Amino acid sequence: MQQPKATLAERIAERRRGDDDPRALVGEMRRSVLLVPVADGGLWSVRSGGVRWICGFTDEAALARFALHHGGGDRAMEYAALLGARIVDEIVPTLGEPAGLAVDIATEDGSMFFPPVVGVVPDAVAVDAGRVGEERGRERN
């Protein structure tokens, strides 16, 4: 019997407990539809630690928690529903700076960051692409 598919929020909780494979978490993020706030004609993001983080939410409840702190009072927050893979594969490379995906940042003990590294974003924009390539070369020798 096949196990039911875990949601991204469930995978994040498992990973935070140390119970899940990080690759499974990245795969679930890529398959998940995330709600990304829209502001000033673009996707809502923040800069921290030299990285631009696109903020996505696993459901409307997680987005509502965020909107309480960053929204315009009683106004509805506009958002786009985007596949995680589209965010990291198509949008991140267009930003022209190190960028990753921050999920459910307003959920206490439930947030997860997907940094701009090989295996998360395309190698061409991964901040560690050169290092990973060097390590692979050493393994072959």
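In this text the structure is predicted, and so the values were computed from the model without any measurement. (Residues numbered from 1 in each chain as written. Predicted model: local features only at pLDDT ≥ 70, side-chain atom pairs only at ≥ 80, totals over all residues. Heavy atoms only, no water.)

**Some thoughts on the nonpolar core**
Here comes step 1: Judged by nonpolar contacts, the single largest core of 21 residues is most densely connected at L8, M29, I87, L101 and F114.
Here comes step 2: Elements supplying a minimum of two residues to this core: α1 (8-17), α2 (22-31), β1 (33-39), α4 (84-91), β6 (99-103) and β7 (112-114).
Here comes step 3: Residues within four places of F114 in sequence aside, it is in contact with L8, L25, V26, M29, W53, G100, L101, V103 and V120. (Core = buried A, V, L, I, M, F, W, Y, C linked by side-chain atoms within 4.5 Å. Buried < 20%, exposed > 50% of the residue type's maximum accessible area, 1.4 Å probe, protein only. Helix = DSSP H or I, 4+ residues; strand = E, 2+ residues; numbered from the N terminus. Contact = heavy atoms within 4.5 Å.)

**Quick notes on the sheet that holds strand β5 (residues 79-83)**
Each strand in a sheet pairs with its neighbour through backbone hydrogen bonds, running either in the same direction (parallel) or in the opposite one (antiparallel).
Here comes step 1: Reading across the sheet, the three strands line up as β2-β1-β5 and stay open at both edges, with antiparallel pairing between neighbours. Across the chains shown, the open sheet's two edge strands, defined by having one partner strand only, are β2 (42-43) and β5.
Here comes step 2: In this sheet, β5 lies alongside β1 in antiparallel orientation, the contact comprising five bridges. Following the sheet pairing, L35 is matched in β5 by A81. (Pairing = 2+ DSSP bridges.)

**Here's the deal with the pairing of β1**
Here comes step 1: Bridge count between β1 and β2: two bridges; the pairing is antiparallel. Within β2, the residue paired with V38 across the bridge is L43.
Here comes step 2: In this structure, the hairpin formed by β1 and β2 is closed by a connection of two residues, where D40 is found at a positive phi of approximately 55°.

**Re the packing of α1 against α2**
Here comes step 1: Two elements in contact, α1 and α2, have axes whose closest approach is 9 Å; the angle formed by their N-to-C orientations is 160°. Classified by the interaxial angle, the pair formed by α1 and α2 is roughly antiparallel. Relative to α2, the crossing made by α1 is left-handed. Mapping the contact onto sequence places L8, R11, I12 and R15 in α1 and P22, A24, L25, E28 and M29 in α2.
Here comes step 2: Taken together, the residues of the contact of α1 with α2 sort by class into six nonpolar, no polar and three charged. (Axes fitted to C-alpha atoms, helices over the stretch in contact; angles between N-to-C directions. Parallel < 35°, antiparallel > 145°, perpendicular 65-115°, else oblique. Left-handed = near helix turned anticlockwise from the far one by under 90°. Nonpolar A, V, L, I, M, F, W, Y, C, P; charged D, E, K, R; others polar.)

**Section: the packing of aromatic side chains**
Here comes step 1: Per the counting criterion, the structure on display carries three aromatic pairs.
Here comes step 2: Measuring from centroid to centroid gives 4.7 Å for W44 and F66, while their planes differ by 80°, and the two rings are edge-to-face. Here W44 is found in the loop between β2 and β3 (45-48), whereas its partner F66 is found in helix α3 (residues 60-70), with 22 residues between them in sequence.
Here comes step 3: Centroid distance W53 to F113: 5.1 Å. Interplanar angle 85°. Geometry classified as edge-to-face. You can see W53 sitting in strand β4 (residues 51-56) and its partner F113 sitting in strand β7, a full 60 residues away along the chain.
Here comes step 4: Joined through ring pairs, the aromatic side chains of W44, F57 and F66 make up one cluster. (Phe/Tyr/Trp six-rings, centres within 6.5 Å; stacked < 30°, edge-to-face > 60°.)

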